Each structure stands twice: as C-alpha cells, then as structure tokens.
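Examination of the molecular architecture
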Amino acid sequence: MSQLGKKHSIITEQNPMSPISEVYRTLRTNIQFSSIDSPVKSIMVTSAGAGEGKTTTLTNLAVAYAQANMNVIIVDADLRKPSIHEYFSLSNRLGVTNVLVHQVGKETVITKSGIPYLDVIPAGTIPPNPSELLASQHMSKLIEELSQTYDAVFIDTPPVLLVTDAQVMATKCDGVLLVVHYGKVKREDLRKAKANLQLVNANVLGTVLNKYAQKGMNRYHYYAGEN
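The structure contained in this document is the topic of the report that follows. No experiment lies behind these values; they were computed from the predicted model shown. (Residues numbered from 1 in each chain as written. Predicted model: local features only at pLDDT ≥ 70, side-chain atom pairs only at ≥ 80, totals over all residues. Heavy atoms only, no water.)

1. Some words on unusual backbone geometry
Glycine aside, residues mostly have negative phi angles, and peptide bonds mostly take the trans form. Even without a glycine there, the phi angle at asparagine 69 is positive, about 65 degrees. Locating asparagine 69 in the fold gives a position in the loop between α3 (54–66) and β2 (72–76). With phi around 55 degrees, serine 89 is a residue other than glycine that occupies positive phi space. Within the element layout of this structure, serine 89 appears in the loop between α4 (84–87) and α5 (96–100). The class for serine 89 is buried, based on a relative accessible area of 3%. (Helix = DSSP H or I, 4+ residues; strand = E, 2+ residues; numbered from the N terminus. Buried < 20%, exposed > 50% of the residue type's maximum accessible area, 1.4 Å probe, protein only.)

This is the structure we're talking about:
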C-alpha cells in the first residue's frame, strides 16, 4: 500500500458484512441480471451534480464485484477532478490521459489496488481538453480492450449537468448508473440529467439512491431502482 494515505474509506472492504455492503452486493446482482443476452461489462457511474456520492458508490460496487472473485478494473475518466487514486492511496502521476496522448501504454498505468481481483487506472495528468480526449477513438479502444481482459470495467466521470464528458463516455459503455443524493438533488435536475443521457442513447441501467435513511434505521443505506 502506498504511503500517500487514504483520504476516503471503502465500506465494502472495511466491513463486508455490514448492511450497506449487502446492498452493494444486491446492486451487483441486479446489474448482472439486467441483460442476460448481452452481459453488461463496461459500467459508467455518474450523477446529476457534484457531491452526490458517485465515486464512493463506484468504488464500493467495484469491490463488491471483486469480492465475488471477478477480475475488475476501475478507470478514472473524471479528468477534471480525479479522485479514484485517493481511495486506494495511489499516485495520479500517470493514467488515462497519458495513455490517450500516446505517452505510455495501458500496461504501464494499470495499477494493483491492494484488494484482490481489483485493478485501477488513475486519471493521470489533468489535460486542457478532457472532452476531446474522452471522445477519441483511442478512448473507445481502451475501454474495448479492457472489457476483453476484465470481467467488469467501472468508469468514473464528472457529473452529467456540469460538463459534456459523461455524455461522451456514456456512448462508449454498456450501461450507466445514475447516483442520486436523496434530499439534495432537485427533481428538475434529475430529469435533465436523465434526458441528457437518453439524448445520446445511453443504456441507463437504473438509479442508486444515496443517503436514504430507512425508517427505524440509524444508518444511511443505498437503494437501487429502475428508471
């Protein structure tokens, strides 16, 4: 483990028997059964706005997949405000952007997370043109190659309503999860986020309701539901 120090906790790793971890396993199962004929391998996770918990949801879900002995990789495609490396105490010096501009090969930036069966590709150098890089054929090729190597590829992106990056990446992935912060996001913004994804024919698998306090519970829980 790097000496950078973890900035974020991953509950599915720290307490796999907790009720929240069980909900992530349920979400994993729901995704796996969402399309039997064409398995969903590349999954983009996003939100309408900032601070809704999309990256926390993605990392915990990816760990839940890895705990089922599936080979998983996380790709940090939030090239404007990357944070995946902080969850796993990794360096962000090299990553996605460095592969896309042909500075290094993907093998150079694939990093062990410290969790069995789970690899990570950090975002890398923050570029001046993130949307153009993500829209490139080289990015499509990267996702395609990773999907052939791994059982599941999770892609983190910026929120849908802030920039076009999420819409761009949605066209390259098998499915999209939309994370919603209960009580924070406005319904109008959620509708607009879904409309933006549908505009590019994204396969929206469903929503993850974050920070939903169930009656009688003293902890927050996550809920996955159909759109």
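2. Focus on the pattern of salt bridges
Counted under the stated rule, the structure contains eight salt bridges. Between lysine 106 and glutamate 107 there is a salt bridge, and its shortest N-O distance comes to 3.2 Å. Of the residues examined, lysine 106 reaches a relative accessible area of 17% and is grouped as buried. Residues joined in a network through salt bridges with shared partners are Lys106, Glu107, Lys141 and Glu145. (Salt bridge = Lys/Arg side-chain N within 4 Å of Asp/Glu carboxyl O.)

3. What to know about the packing of helix α2 (residues 19–32) against α3
Two packed helices can be described by the angle between their axes and the distance between those axes. For the pair α2 and α3, interaxial distance at closest approach is 9 Å and the crossing angle is 75 degrees. By the angle between their axes, α2 is roughly perpendicular relative to α3. Each of Tyr24, Arg25, Leu27, Arg28, Ile31 and Gln32 in α2 lies in contact with α3, whose residues at this interface are Thr56, Thr57, Asn60, Leu61, Ala64 and Tyr65. In terms of residue class, the contact of α2 with α3 is built from six nonpolar, four polar and two charged. (Axes fitted to C-alpha atoms, helices over the stretch in contact; angles between N-to-C directions. Parallel < 35°, antiparallel > 145°, perpendicular 65-115°, else oblique. Contact = heavy atoms within 4.5 Å. Nonpolar A, V, L, I, M, F, W, Y, C, P; charged D, E, K, R; others polar.)

4. As for the side chain of aspartate 78
Its location among the elements puts aspartate 78 in the loop between β2 and α4. Ignoring anything within four residues of it in the chain, the contact list for aspartate 78 reads Lys54, Ala123, Asp156, Thr157 and Pro158.

5. A few points about the pairing of β2
In the case of a regular strand, side chains alternate between the two sheet surfaces. With five of its five residues buried, β2 lies for the most part within the structure. Going residue by residue along β2, you find Val72, Ile74 and Asp76 tucked away on one face and Ile73 and Val75 tucked away on the opposite face as well. Taken together, the four bridges between β2 and strand β4 (residues 118–121) define a ladder with parallel strand orientation. Looking across to β4, one finds that isoleucine 74 is bridged to valine 120. Taken together, the five bridges between β2 and strand β5 (residues 152–156) define a ladder with parallel strand orientation. Along β5, the bridge assignment pairs valine 75 with isoleucine 155. (Pairing = 2+ DSSP bridges.)

6. A few points about the packing of aromatic side chains
Summed over the entire model, instances satisfying the criterion amount to one aromatic pair. A ring pair is formed by tyrosine 65 and phenylalanine 154, whose centres lie 5.0 Å apart and whose planes are at 80 degrees; its orientation type is edge-to-face. Of the two residues, tyrosine 65 sits in helix α3 while phenylalanine 154 sits in strand β5, which places them 89 residues apart along the sequence. Taking the relative accessible area as the measure of exposure, tyrosine 65 reaches 2% and is therefore buried. (Phe/Tyr/Trp six-rings, centres within 6.5 Å; stacked < 30°, edge-to-face > 60°.)

7. Remarks on the side chain of serine 18
Along the polypeptide, serine 18 turns up in the loop between α1 (11–14) and α2. At a separation of 3.0 Å, a polar atom in the side chain of serine 18 contacts the main-chain carbonyl oxygen of asparagine 15. (Polar contact = N/O pair within 3.5 Å; in protein donor to acceptor, adjacent residues only side chain to side chain.)

8. Section: the environment of histidine 138
You can see histidine 138 is positioned in helix α8 (residues 137–149). We classify histidine 138 as partly exposed; its relative accessible area is 25%. Sequence spacing of histidine 138 and valine 99 is 39 residues, and the spatial spacing of their C-alpha atoms is 8.6 Å. The contact partners of histidine 138, leaving out residues within four places of it in the chain, are Val99, Leu100 and His102.

9. Regarding α3
Turn by turn, an α-helix covers 3.6 residues, leaving residues three or four places apart pointing in a common direction. A rise of 1.5 Å per residue sets the reference length of α3, with its 13 residues, at 18 Å; its end C-alpha atoms lie 18 Å apart and thus fit the reference within 8%. For α3, every residue scored as buried is listed here: Lys54, Thr55, Thr57, Leu58, Thr59, Asn60, Leu61, Ala62, Val63, Ala64, Tyr65 and Ala66. (Expected span 1.5 Å × (residues − 1).)

10. Observations regarding the environment of histidine 181
Note on placement: histidine 181 falls in strand β6 (residues 175–181). Considered as a pair, histidine 181 and leucine 209 are 28 residues apart in the sequence and their alpha carbons are 6.2 Å apart.

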